Amino acid sequence: MHFTVLTLFPDAFRFIEEYSVLGRAIRGGLVSLDTVDIREYATDRHGTADDYQFGGGPGMVMKPDPVFAAVESALAGIPDAERVATPIVLTSPQGDILNQDLVNEFANAPGMILVCGHYAGIDERIREGLITHEVSIGDYVLTGGELAAMVIVDAVSRFVPEVVGSAENVEHDSITSGLLQHPLYTRPAEFRGMPVPEILRSGNHADIERWRRQQSLERTLSLRPDLLETAPLTNSDRVFLASLGWSGVPG
Ligand SMILES: C[S@@+](CC[C@H](N)C(=O)[O-])C[C@H]1O[C@@H](n2cnc3c(N)ncnc32)[C@H](O)[C@@H]1O
């Protein structure tokens, strides 16, 4: 999976390039990340990438010409067959809110181009002429699209084989599985008077699996009952949920 990120602040991406699981995936060649400085595509010698708003108003607007040139240059480096399948994503508080379906869609693409807005936002012609997807990471406003782009790169990269170990590692995660995950424990077996549930130390794998599934269902019912409407539930899941007072859709 190849990510090209267009930004005014390429250094911001050092965090994901250097640290933790994603940094290791990049160094290991499982994921590649090019950060492109939009200013390098500016047409004047000062590298001007933003300007005042037509009509007046607070804040600068990112100019269309450097962003078009940067995206076109990124597209030129992608093989023809992959180019049409490559999403060109604008990070924006006006976009579709990032969720698992969107992450899955992006993870199936050969790569992605991400455009980070800044200041008051981008010239509308960028949205009209270049962008295939507009994505928000939540209903609040950030100062720039860099953090949003990092969130997208991180969430999508988890679905690149081997980035987080086996496929099982991601399939059991909250939301991805359709439910919230069961509680997790590690050593010590007792901490400040809080013991690890005995069943997890019993060595009985069938009982542990049943307990985890029930914890997962109980937690989802309590914290995110909306997920139960679409979660893949077995008949015994439904019986268990009904015993907790769930009156959801029968199977
Ligand atoms: C200060 S915001 C501009 C917001 C713009 N004035 C508006 O009201 O839609 C600057 C940039 O941060 C990014 N951004 C802000 N909030 C975001 C969010 N919730 N999700 C994704 N990107 C966001 C976008 O790239 C945006 O162009």
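Moving on to the domain arrangement of the protein chain. The assigned domain composition of the protein chain is domain 1 (2-167) and domain 2 (190-243). Measuring from the centre of the C-alpha atoms in domain 1 to the corresponding centre in domain 2 gives 38 Å.

One open sheet holds the three strands; their spatial order is β3-β4-β7, and the pairing between them is mixed. In this open sheet, the two strands that pair with only one neighbour each are β3 (50-51) and β7 (121-122). Taken together, the two bridges between β3 and strand β4 (residues 61-62) define a ladder with antiparallel strand orientation. The residue bridging Asp50 from the neighbouring strand is Met62, located in β4.

Attention now goes to the side chain of Thr7. Relative to the assigned elements, Thr7 resides in strand β1 (residues 2-7). Judged by its relative accessible area of 0%, Thr7 falls in the buried class. A polar atom in the side chain of Thr7 sits 2.7 Å from the backbone nitrogen of Phe9. The residues touching Thr7, leaving out its near neighbours within four places in the chain, are Phe13, Val36, Asp37, Ile38, Cys116 and Glu146.

Let's shift gears to the site of the ligand. Residues in contact with the ligand amount to 20 residues; listed here are only the nearest, Thr91, Gln94, Ala120, Tyr140 and Leu142. Within the backbone of Gly138, a nitrogen or oxygen atom sits 3.0 Å from a nitrogen atom of the ligand. The backbone of Leu142 places a nitrogen or oxygen atom 2.9 Å from a nitrogen atom of the ligand. Taken by itself the ligand offers 590 Å² of open surface, and the protein chains cover 81% of this. The cavity that encloses the ligand is the largest pocket. Elements that contribute at least two residues to the shell around the ligand include exactly β5 (88-97) and β8 (133-136). A total of four residues in the shell around the ligand trace back to one element, the largest contributor, which is β5. Residue classes in the shell around the ligand are distributed as nine nonpolar, eleven polar and no charged.

Look at helix α9 (residues 205-223) against helix α10 (residues 235-243): their axes get within 10 Å of each other, and the N-to-C directions meet at 55 degrees. In terms of orientation, α9 lies oblique with respect to α10. The hand of the α9/α10 crossing is right-handed. For the pair α9 and α10, the contacting residues are Arg213, Gln214, Leu217, Glu218 and Leu221 in the first and Asp237, Phe240 and Leu241 in the second. Looking at the contact of α9 with α10 residue by residue, the classes come out as four nonpolar, one polar and three charged.

Calculation notes
Residues numbered from 1 in each chain as written. Predicted model: local features only at pLDDT ≥ 70, side-chain atom pairs only at ≥ 80, totals over all residues. Heavy atoms only, no water. Domains from an automatic or database assignment. Pairing = 2+ DSSP bridges. Helix = DSSP H or I, 4+ residues; strand = E, 2+ residues; numbered from the N terminus. Buried < 20%, exposed > 50% of the residue type's maximum accessible area, 1.4 Å probe, protein only. Polar contact = N/O pair within 3.5 Å; in protein donor to acceptor, adjacent residues only side chain to side chain. Contact = heavy atoms within 4.5 Å. Near = heavy atom within 4 Å. Areas by Shrake-Rupley, 256 points an atom, 1.4 Å probe, with all protein chains shown as cover. 1 Å grid on protein atoms, 1.4 Å probe; cavity = no way out; pocket = protein on both sides within 12 Å on 5 of 7 lines; lining within 4 Å. Sits in = over half its atoms within 2 Å of the grid points. Nonpolar A, V, L, I, M, F, W, Y, C, P; charged D, E, K, R; others polar. Axes fitted to C-alpha atoms, helices over the stretch in contact; angles between N-to-C directions. Parallel < 35°, antiparallel > 145°, perpendicular 65-115°, else oblique. Left-handed = near helix turned anticlockwise from the far one by under 90°.

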